[in-house]
Amino acid sequence: MNARNTIVLAVDDADLSEALGCSSEAVESMQNDGVLESQGQLWEIGPARDYLRDAAWADNLWH
């Protein structure tokens, strides 16, 4: 399994926030945008990590 297919067990947004290293607001936004997908309490966070990496890169680029 590569990093893109990373799956974590998360009971709530706080668990996802900790796994991704971002705020709970960012987790909620990614859920609403379809970046984070769940299978019950299992979450595939690979695409969310890519999204956060790209957002951080773009933010640094424009400052």
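So, here is what we can say about the structure in this document. (Residues numbered from 1 in each chain as written. Predicted model: local features only at pLDDT ≥ 70, side-chain atom pairs only at ≥ 80, totals over all residues. Heavy atoms only, no water.)

Quick notes on the sheet that holds strand β2 (residues 37–39)
The strands that make up a sheet pair up through hydrogen bonds in the backbone, lying either parallel or antiparallel. Filter applied, for reference: Only strands joined by at least two bridges in the DSSP assignment are considered to pair. Here a helix means four or more residues in a row that DSSP labels H or I, a strand means two or more in a row labelled E, and each is numbered from the N terminus. For helices, the axis comes from a line fit to the C-alpha atoms of the stretch in contact; other axes are also lines fit to C-alpha atoms, and the angle between any two N-to-C directions lies between 0 and 180 degrees.
The strand order across the open sheet formed by 3 strands is β1-β3-β2, and the pairing between neighbours is antiparallel. Two strands in the sheet have a free side with no partner beyond their single neighbour: β1 (7–9) and β2. The sheet shows a mean angle of 30° between the axes of neighbouring strands, taken without regard to direction.

Thoughts on the nonpolar core
Keep this limit in mind: We call a set of buried Ala, Val, Leu, Ile, Met, Phe, Trp, Tyr and Cys residues a nonpolar core when their side-chain atoms join them within 4.5 Å. The classification of residues rests on relative accessible area computed with a 1.4 Å probe and restricted to protein chains. Under 20% of the type maximum is buried, over 50% is exposed, and intermediate values are partly exposed. Residue contacts are counted whenever heavy atoms from the two residues lie within 4.5 Å of one another.
Counting 12 residues, the largest nonpolar core consists of V8, A10, L16, L20, C22, V27, M30, V35, L36, W43, I45 and A48. Of all elements in the fold, only α1 (13–20) and α2 (24–33) reach the threshold of two or more residues within this core. Once residues lying within four places of it in the same chain are set aside, the contact partners of M30 are L20, C22, V35, L36, A48, Y51 and L52.

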